[in-house]
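Single-letter residue listing:
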Amino acid sequence: MRQSSSLVVERSRDISDMLQQQSAASQEVATSMEGISGEVERTAASVSSLSTATDTLRGSVQDMRQLLVRYEESLTA
């Protein structure tokens, strides 16, 4: 009886240790996921900013083309 009690206690400790390890691993996964989420948000913001800059540059190019056409027209007039 004493031996089976010791075995139960030992198994309980083993289970407790495994649960603590699992909890620590779960916490590490959650922390990693938070980091990944932050990177995704920063990347999305960068893409949005790049898109805005591209649109602005596209508008500047169109303006420059129009100015060039007017300049060329003024030379032939």
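Just so you know, the residues in each chain are numbered from 1, in the order the chain's sequence is written. In view of the model being predicted, local features appear only for residues whose pLDDT reaches at least 70, and side-chain atom pairs are presented and counted only at 80 or more, with totals across whole chains, interfaces and linings using the full set of residues. The basis for every side-chain value is the complete set of non-hydrogen atoms in the structure, without hydrogens or water.

**Student:** Even after reading the chapter, I still don't get the overall build of the protein, so can you show me in this structure?
**Tutor:** Along the backbone of the protein there are one helix and zero strands. As a reference, a globule follows 2.2 Å times the number of residues to the power 0.38, and the radius of gyration itself is taken over C-alpha atoms. In summary, the protein has a C-alpha radius of gyration of 33 Å against a globular reference of 11 Å for 77 residues, an excess of more than 25%. Over its C-alpha atoms, taken along the principal directions, the protein stretches across nearly 115 × 10 × 5 Å. The rule is simple: take the accessible area with a 1.4 Å probe, protein chains only, and divide by the maximum for that residue type; under 20% is buried, over 50% is exposed, in between is partly exposed. Split into buried and exposed, the 77 residues of the protein put 1% on the buried side. Element-wise, carbon and sulfur atoms account for 58% of the exposed surface of the protein, whose accessible area totals about 7100 Å². The helix and strand labels rest on DSSP assignments: H or I over at least four residues marks a helix, E over at least two residues marks a strand, and numbering proceeds from the N terminus. All accessible-area figures derive from a Shrake-Rupley calculation using a 1.4 Å probe, and residue coverage is judged against the displayed protein chains alone.

**Student:** Mind showing me how you'd approach a nonpolar patch on the surface here?
**Tutor:** Residues V29, M33, I36 and V40 make up a contiguous nonpolar surface patch of roughly 390 Å² in combined accessible area. Residue placement: M33 occurs in helix α1 (residues 2–76). M33 sits in the exposed class, given a relative accessible area of 51%. Within this analysis, patches are made of residues with over 30% relative accessible area and no salt bridge. Like charges are joined at 9 Å or less; nonpolar side chains (Val, Leu, Ile, Met, Phe, Trp, Tyr) at 5 Å or less. The term salt bridge refers to a side-chain nitrogen of Lys or Arg lying within 4 Å of a carboxyl oxygen of Asp or Glu.

**Student:** What is the right way to look at the pattern of salt bridges in this model?
**Tutor:** Opposite charge on two side chains allows them to pair when their charged atoms are near. Across all of its chains, the model carries four salt bridges by this definition. Between E10 and R11 there is a salt bridge whose closest N-O contact spans 3.9 Å. Classification of E10 as partly exposed rests on a relative accessible area of 42%. D14 serves as the salt-bridge partner of R11, at 3.6 Å between the closest nitrogen and oxygen. Taken as a pair, R11 and D14 lie in helix α1 at a separation of three residues, close to a single helical turn.

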